[in-house]
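Read off the chains here:
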Amino acid sequence: MDKPRDSGKTSGQPITACLLGAAFFGSLGSSFIYGYNLSVVNAPALYIKAFYNTTWNERYGQLLAVETATLLWSVTVSIFSIGGLLGALSVSIILKVLGRKGTLLLNNSLALIAALLLTLGERAKSFEMLIIGRLIIGVDSGIALSALPMYLGEITPRHIRGSIGQFNSILICLGVFTGQVLGLPELLGQESRWGYLFAFLALPALLQLCVLPFFPESPRYLLIERKDEARAEKAFQRFLGKKDVSQELQEVHAEARAQENQQTASMLQLLRSPAVRWQLITIITTMACYQLCGLNAIWYYTSGILREAGFAENLLPYITLSTGGIETLAAITSGLVIERIGRKPLLIFGFSAMAVFFSLLTVFLNFQDSVSWMPYLSFICILAVIASFCSGPGGIPFILTGELFEQSYRPAAFMIAGIVNWLCNFAVGLLFPIIQILTWTSS
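Residues numbered from 1 in each chain as written. Predicted model: local features only at pLDDT ≥ 70, side-chain atom pairs only at ≥ 80, totals over all residues. Heavy atoms only, no water.

**Points about the overall build of the protein chain**
Link 1 in the chain: Secondary structure assignment for the protein chain yields 20 helices and zero strands.
Link 2 in the chain: A globule of 443 residues ought to have a C-alpha radius of gyration of about 22 Å, and the protein chain, at 22 Å, matches this closely.
Link 3 in the chain: In terms of overall dimensions, the protein chain has a C-alpha envelope of 70 × 45 × 45 Å along the principal axes.
Link 4 in the chain: When each of the 443 residues of the protein chain is scored for burial, the buried share is 56%.
Link 5 in the chain: The contacts in the protein chain between residues at least 6 apart in sequence include a share of 82% that link residues at least 24 apart.
Link 6 in the chain: Entry remark: accessible area of the protein chain is about 18,800 Å², with carbon and sulfur atoms responsible for 66%.
Link 7 in the chain: Across the protein chain, the 30 positively charged side chains and the 27 negatively charged ones have centroids separated by 6 Å. (Helix = DSSP H or I, 4+ residues; strand = E, 2+ residues; numbered from the N terminus. Rg over C-alpha atoms; globule rule 2.2 N^0.38 Å. Buried < 20%, exposed > 50% of the residue type's maximum accessible area, 1.4 Å probe, protein only. Contact = heavy atoms within 4.5 Å. Areas by Shrake-Rupley, 256 points an atom, 1.4 Å probe, with all protein chains shown as cover. Lys, Arg positive; Asp, Glu negative; His and termini not counted. Charge placed at Lys NZ, Arg CZ, Asp CG, Glu CD.)

Okay, here's the thing in C-alpha cells:
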C-alpha cells in the first residue's frame, strides 16, 4: 500500500495511500463525529422535546412550562460546547503523554460511551442521560479538533499541507450531511427510531479504532519529543513513499536544535511571549469568526429557520439535506484549490461573501410574508452562506494554527484556539433560540 520509492523533488512527490489513509481515518473518527453532532439533533428535535415533556410529566405530574422547555433544550444543544471546552483544556496534556495518534485512539472511548448514553436515554426515561451524553461527545470533539489538525499538519509535506489539512473540514461537512440523511423520515427521523441516530456515533469511532493503529505516529512528535529517530524515519518513509528521507529528518533536527533550550510552552507562556503575539492574534480572530459568523446557528436550527421562511413542514428534511450537500462540495473544492489560491484570499472571500448573503437573507426574511416567492430567495441565500463558509473559513483556521507555530508552542496554541472556538460555539448555541423568542415576541 505504501511501499517506499526512491526520493525525488518534494514538490513532485505524489500523495501516498498511507498519507491519504491516515488523513481519512484520522478525520473519520474525529471531525466527522463533530460534524455529525452539529446536525443530528436537528431532525428529531420535536421528538426529543416531546420526550422531555412526557418524562417530566411522568415524574412530577405536570407538563413542562414553555420557558423551562426552552431552557432544557438550549442546555441540551449548548452543553456540547461546554464538553468541547473541557476537551480543549485537557488536550495539551494528553498530546504530550500519548502523542497525536494515541490521543485520537483514546478519544474513541469517549465517543462509544456517549453513543451508549444517548441511545439508551429514551428507554431509561432519563433526559439527563441525553444531556450527559452530549457533554461527553462534546469532550470527544474538543480533543479531536485540536489533535487531528496537529496530526495532519505534522505528517504532511509542506507543499500539500493545506489540501490534506482540509480533510478536517471536508469530514466535518460530510458528518453534517450524514446526520441530515439519516434524519430523513424514511430512515431514522421517526419518533420510534430517533434513538438510533445517536447509536450511529459508535460506527466511525469503531472504524478509526480498528484501522488507525496500522498507520504511523507523527514523525515530528517521535523525533522532537520522543527522540526516537528510527521510528521517525520509518514514519517519514511510509507517509512520503520513498526510502531516502534524510532531508526531512535534517529539517526536523534543525527545528529540534533551534528549540533545544526550550520546553514545551504552557498556555500562559504563549500568551506572554511577544515573539508570537501576531500569530496568536491571528488564530484567536479567525477562530472566533469561525463560530460567530452565524453558520453554526444555521446548522443547529436549520429546520426552524426554513419553517419561519415559509417552507412546508413535509419538505423541510429534504431541503435541509441540500444544505449538507452544498457544504460538502464547497469544502472539497476548497481543498483542491487552497494551495494555488492561498489561505488569506480564501478567508477574505469566504467571510466577505457571507456578509453579503446574510444581509440579503435579512432583507428577504422581512418581506417573505408579503411576497409569495420570497422564501425561495431566502433559501438560495442560506445555500450561498454555507458555500461561502466552506470555501475557506470552514477549515483554514485549523490549518493556520498548526502552520503559524513551532513545535514547542503548538500544543498551547491549539489549546487557546480550542478555548476560543468552544466558548463562541456555546454562546451561539445558548443565545440563538433566546434571541429567536425575543424577536417573535417583539413582532
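Structure's up, so let's keep going.
**With respect to the pattern of salt bridges**
Link 1 in the chain: Applying the stated rule across the entire model yields eight salt bridges.
Link 2 in the chain: With a closest N to O distance of 2.9 Å, Glu-154 and Arg-100 form a salt bridge. With Glu-154 in helix α5 (residues 127-155) and Arg-100 in helix α4 (residues 66-120), the pair connects residues that are 54 residues apart, well separated along the chain.
Link 3 in the chain: Accessibility expressed as a relative area gives 0% for Arg-100, which makes it buried.
Link 4 in the chain: When salt bridges with common partners are traced through the structure, they connect Arg-100, Glu-154, Glu-225 and Arg-410 into a single cluster. (Salt bridge = Lys/Arg side-chain N within 4 Å of Asp/Glu carboxyl O.)

**What to know about unusual backbone geometry**
Link 1 in the chain: Residues other than glycine seldom take positive phi values, yet Lys-125 does so here, at roughly 55 degrees.
Link 2 in the chain: With respect to the secondary-structure elements, Lys-125 resides in the loop between α4 and α5.
Link 3 in the chain: Residue Lys-125 is classed as partly exposed on the basis of its relative accessible area of 46%.
Link 4 in the chain: A positive phi is found at Lys-227, a non-glycine position, where the angle reads about 55 degrees.
Link 5 in the chain: Of note, Lys-227 is situated in the loop between α10 (219-225) and α11 (229-240).

**Some remarks on the state of the cysteines**
Link 1 in the chain: With the rule as written, the count across this model stands at zero disulfides.
Link 2 in the chain: Free of any disulfide, Cys-18 has its nearest neighbouring cysteine sulfur in Cys-210, separated by 18 Å.
Link 3 in the chain: You can call Cys-210 exposed: its relative accessible area is 53%. (Disulfide = S-S within 2.5 Å.)

**Structural notes on the packing of aromatic side chains**
Link 1 in the chain: Tallying each qualifying case throughout the model produces 16 aromatic pairs.
Link 2 in the chain: Measuring from ring centre to ring centre gives 5.2 Å for Tyr-36 and Phe-200, while their planes differ by 40 degrees; the resulting arrangement is tilted. Separated by 164 residues along the polypeptide, Tyr-36 in helix α2 (residues 31-39) and Phe-200 in the loop between α8 (194-199) and α9 (202-211) bring together distant segments of the chain.
Link 3 in the chain: Centre to centre, the rings of Phe-51 and Tyr-52 are 6.0 Å apart; their planes meet at 50 degrees, and the pair counts as tilted.
Link 4 in the chain: Feature note: the residues Phe-51, Tyr-52, Trp-56, Tyr-60, Phe-127, Trp-194 and Phe-198 constitute an aromatic cluster, connected by ring pairs.
Link 5 in the chain: We note Arg-59 situated over the ring of Phe-127; from NZ or CZ to the ring centre the distance is 4.8 Å. (Phe/Tyr/Trp six-rings, centres within 6.5 Å; stacked < 30°, edge-to-face > 60°. Lys NZ or Arg CZ within 6 Å of the ring centre and 35° of its normal.)

**Quick look at the side chain of Ser-27**
Link 1 in the chain: Here Ser-27 lies in helix α1 (residues 17-28).
Link 2 in the chain: Sequence-distant contacts of Ser-27, defined by excluding residues within four places in its chain, comprise Phe-32, Leu-148, Leu-152, Phe-167, Asn-168 and Leu-171.

**Section: α9**
Link 1 in the chain: If you check which residues of α9 are buried, you get Ala-202, Pro-204, Ala-205 and Gln-208.
Link 2 in the chain: In this structure, the buried side of α9 is in contact with α1, α2, α4 and α8.

**A word on the nonpolar core**
Link 1 in the chain: Counting residues in each nonpolar core, the largest one holds 119 residues, and the members touching the most others are Tyr-34, Tyr-52, Phe-239, Leu-270 and Phe-405.
Link 2 in the chain: When residues in this core are grouped by element, the largest group, 15 residues, is from α4.
Link 3 in the chain: Discounting residues that sit within four places of it in the chain, Phe-405 has contacts with Leu-270, Val-276, Gln-279, Leu-280, Ile-283, Arg-410 and Ala-413.
Link 4 in the chain: Residues Leu-346, Leu-347, Ile-396 and Leu-400 belong to the second largest nonpolar core, which totals six residues. (Core = buried A, V, L, I, M, F, W, Y, C linked by side-chain atoms within 4.5 Å.)

**Description of the packing of helix α3 (residues 45-60) against α5**
Link 1 in the chain: Taken N-terminus to C-terminus, the directions of α3 and α5 make an angle of 135 degrees; their axes are 10 Å apart at the nearest point. As judged from the angle between their axes, α3 and α5 are oblique. Along the contact surface, α3 presents Ile-48, Phe-51, Tyr-52, Thr-55, Trp-56 and Arg-59, while α5 presents Phe-127, Glu-128, Leu-130 and Ile-131.
Link 2 in the chain: A breakdown of the residues in the contact of α3 with α5 according to their chemical character gives seven nonpolar, one polar and two charged. (Axes fitted to C-alpha atoms, helices over the stretch in contact; angles between N-to-C directions. Parallel < 35°, antiparallel > 145°, perpendicular 65-115°, else oblique. Nonpolar A, V, L, I, M, F, W, Y, C, P; charged D, E, K, R; others polar.)

**Description of the environment of Glu-229**
Link 1 in the chain: Note on placement: Glu-229 falls in helix α11.
Link 2 in the chain: When the C-alpha atoms of Glu-229 and Leu-249 are compared, they prove to be 8.3 Å apart, with 20 residues separating the residues in sequence.
Link 3 in the chain: Here Glu-229 is in contact with Leu-223, Leu-249 and His-253, once residues within four sequence places are set aside.
Link 4 in the chain: Here the side chain of Glu-229 touches His-253 through a polar contact of 3.3 Å, side chain to side chain. (Polar contact = N/O pair within 3.5 Å; in protein donor to acceptor, adjacent residues only side chain to side chain.)

**Regarding α1**
Link 1 in the chain: Compared with the 16 Å implied by 1.5 Å per residue over 12 residues, the 16 Å span of α1 between its first and last C-alpha is a close match.
Link 2 in the chain: Among all positions of α1, only Cys-18, Leu-19, Gly-21, Ala-22, Ala-23, Gly-26, Ser-27 and Leu-28 are buried.
Link 3 in the chain: Elements that come into contact with the buried residues of α1 comprise α2, α5, α6 (161-165), α7 (167-182), α9 and α11. (Expected span 1.5 Å × (residues − 1).)

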